[in-house]
Amino acid sequence: MATKNIFSKHLPNVKLATRFDADGNEIQVERREDEEQKRKEQDIIDTLVGAGYYRAHIQGLSSFDKIVGGMTWCIEACDYDVNVDLLFHENLTIGQKIALTEKIVGVLPRMKCPFLIEPHQIQGLDFINIFPVVQWLVKRSVENRSKKADTLRKLAATQFQNHCTLESDRELQRMRAKQLANLQAIESKYLPKRGFKLRKAAGGGWIPVRPKDVTDQETPDGALEDVLEADVDGEEGDEDVSVSTEQEHKISVELTEADRSTLAKTYDNMKQTLSGEAIEQVSERNRIKAQLALKLALEKKLELALSECEQLKTTVQEEEQQLKEAGSQKEALEEEIRNLDNLEITEANQKILDHVKELVLKNERMKKQETQFKENCKKELAELQQKIDKAETSTPDEDMLELQRQLDMELERLKSLRLQLAKKNRSYVAIKRQLDTVPDRTELAQYQRRFLELYNQVSAKHRETKQFYTLYNTLDDTKLYLEKELSLLNSIYDNYANAMQTPHSREQFVQQFETIVEGIRATKAKLKKKCDDERAKRDGLNGQLVCLMEQQRKYATTVKQLTMECQRNEALMQHLKALKASIQQQEQQS
């Protein structure tokens, strides 16, 4: 079965639906609303549930998870391994979905699935193409499970019979053992005894002989005589059969030299007894028979020639009749031309004159056609005569050579026609490829949907990367400030004991400490200003976003009003045209 093309010429019902990304912003993507797709989706879920995959009843799962899980369950039920883990990986990304569907699609050819399907059809939820595959998998899994059940049942019965025995079976075995013992006792008590044996005699035939272990008393009366009579009757029957066979098939007997010489002498005597007149009569009779056969052949040829002559005469008469008709028509036309010449040519008679000219031209054309017809008839007659002569003089070998020549010519013509057909097919395929390279509206819509999905994935990955970079920079700055703070505290701790020894060093230590505090305050103020600037920038962008959304709503409202006004305008124009048509009809009627 051929798979359905996802880029078909059928324009689906496409609607823009509202979706939200990770930050809560709206994303406009395409969503296909097709009643047939919904019906096929429900059929797939019902099929999986009927087969025993009750996970498809869970409402919280997506359609992709239900279908992929059901297909994986059916494949594993058919004893094929799929490297898929669906227990803790739901709501996957596009790349993970395609990788997962590729694993499933790779197993289907090994299962000899008659339906072909692509990974993007499963990922895109093309239920029309998924349904026959799921139906076939469910049927295969049910058959495999029934076979497994039968095998397990037979194995259980075999194991039970090997290790366990019923009381009825044991009773039957004991009864059979008793019956066998009784039969063996009876056979050993009443053994058969042989009375005679047949032995082949020297001159042929069989002779009954009493065995040594048999006494005369055990021999029945008359048995020997019956056997001997049967042997003699068999030999006589064989002789009668051989004689009747020779008479029926007339088997020739070889002659001796004396018999052959006697037969030759008898034949010579018979020839001499015949007189010369009888021989002449026989030769005259043979000559008369030959002349009669020749006469019959000549009569047949004469009849054929007469029939051909009659046909030619009829053809000549028909042609003469046509010639007479043409001559009469010509005379009538000439008479009409003379009458027209006598008439005065005026405007009223100009049409008649033109008609007469046309008739004259027609007459000339008919004359030409007549001459051509006669020539064609003569050519056909000559060709037919040549064919007749050739048929009379030709032999089967020449006919075979002619037929072989015609066959070779037809084969050459067929070969040339096939070459022309191949050129036309190549040009057709090239034009079709050029047409296929141009995408239509449905293909562009599919491309747009795929590009939007890729754009969303790339934007999500870019946003995530930016967040990682921001987090890294923030942590790096925090680490830098913590290191500075730690180094500052370490320097204070190290210099505190020395600075507290003298008043002068104490004042210097306090001044240095105040300088450090001022630097920290300046840095804090700078960072706070930067944070305020970023916050103001964010507020400005939010304001621009609100304005743009308001403009978008106004634009949508304006487009809707414009559409309604256009529809109203079209209705009014149609009404005006109807009024104009009715007014024109009333004027025509009045």
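Only a predicted model underlies this, so the values are computations on that prediction, with no experimental measurement involved.

1. Describing the packing of aromatic side chains
- One pass over the full model with this rule turns up three aromatic pairs.
- Centre to centre, the rings of Tyr 53 and Trp 73 are 5.7 Å apart; their planes meet at 40°, and the pair counts as tilted. Of this pair, Tyr 53 sits in the loop between α1 (35–51) and α2 (63–77) while Trp 73 sits in helix α2; the two residues are 20 residues apart in sequence, bridging distant segments of the chain.
- Overall, Tyr 53 belongs to the buried group, its relative accessible area being 9%.
- One aromatic cluster is present, built from ring pairs that chain together Tyr 496, Phe 509 and Phe 513.

2. Quick notes on the pattern of salt bridges
- All chains considered together, the criterion is met by 11 salt bridges.
- One salt bridge connects Glu 167 with Arg 170, and the closest N-O pair in it is separated by 2.5 Å. Of this pair, Glu 167 and Arg 170 both sit in helix α6 (residues 167–189), three residues apart, which is roughly one turn of that helix.
- With its nearest N and O atoms 3.7 Å apart, the salt bridge here joins Lys 374 to Glu 370. One end of the pair is Lys 374 and the other is Glu 370, both in helix α10 (residues 350–393) and four residues apart, which spans about a single turn.

3. Some points on a nonpolar patch on the surface
- On the surface, a cluster of nonpolar side chains totalling about 410 Å² of accessible area is made up of Leu 444, Tyr 447, Phe 451 and Leu 454.
- Topologically, Phe 451 is positioned in helix α12 (residues 441–499).
- The exposed category is assigned to Phe 451, whose relative accessible area is 58%.

4. A few points about the packing of α12 against helix α13 (residues 503–589)
- Between α12 and α13, the least distance of the axes is 10 Å, while the angle of their chain directions is 170°. Our classification of the angle between α12 and α13 gives roughly antiparallel. Every pair of crossing elements has a handedness; the one defined by α12 and α13 is left-handed. On α13, the residues touching Tyr 481, Leu 488, Ile 492, Asn 495, Tyr 496, Asn 498 and Ala 499 of α12 are Ser 505, Arg 506, Phe 509, Phe 513, Ile 516, Ile 520, Thr 523 and Leu 527.
- Residues that form the contact of α12 with α13 fall into these classes: 10 nonpolar, four polar and one charged.

Conventions we followed
- Throughout this document, residue positions are counted from 1 along each chain, in the order its sequence is written.
- In keeping with the predicted nature of the model, local features appear solely for residues at pLDDT of at least 70, side-chain atom pairs appear and are counted solely at 80 or more, and the whole-chain, interface and lining totals rest on all residues.
- As a convention, hydrogens and water are excluded, and side-chain values are obtained from all of the structure's heavy atoms.
- Note on aromatic pairs: the rings of Phe, Tyr and Trp (six-membered ring only in Trp) are paired at centre separations within 6.5 Å, and the planes decide the class, stacked below 30 degrees, edge-to-face beyond 60, tilted for the rest.
- Each helix corresponds to a stretch of at least 4 residues labelled H or I by DSSP, and each strand to a stretch of at least 2 residues labelled E; elements are numbered beginning at the N terminus.
- Throughout, exposure labels follow a simple rule: accessible area from a 1.4 Å probe, protein chains only, divided by the maximum for the residue type, with under 20% read as buried, over 50% as exposed, and the rest as partly exposed.
- Salt bridge, as applied in this entry: a Lys or Arg side-chain nitrogen positioned within 4 Å of an Asp or Glu carboxyl oxygen.
- Here a patch means residues that are over 30% exposed by relative accessible area and free of salt bridges, tied together within 9 Å if like-charged and within 5 Å if nonpolar (Val, Leu, Ile, Met, Phe, Trp, Tyr).
- For the accessible areas, the method is Shrake-Rupley and the probe is 1.4 Å, while residue cover comes only from the protein chains on display.
- In this analysis an axis means a line fitted to C-alpha atoms, helices contributing only their contacting stretch, and an angle means the value between N-to-C directions, from 0 to 180 degrees.
- Our angle categories are set so that under 35 degrees counts as roughly parallel, over 145 as roughly antiparallel, 65 to 115 as roughly perpendicular, and the remainder as oblique.
- Here is the rule for handedness: rotate from the far helix to the near one, and if that takes an anticlockwise turn smaller than a right angle the crossing is left-handed, while a clockwise turn gives right-handed.
- Residues count as neighbours in contact if any of their non-hydrogen atoms are within 4.5 Å of one another.
- Note on residue categories: nonpolar means Ala, Val, Leu, Ile, Met, Phe, Trp, Tyr, Cys or Pro, charged means Asp, Glu, Lys or Arg, and polar means any other residue, Gly included.

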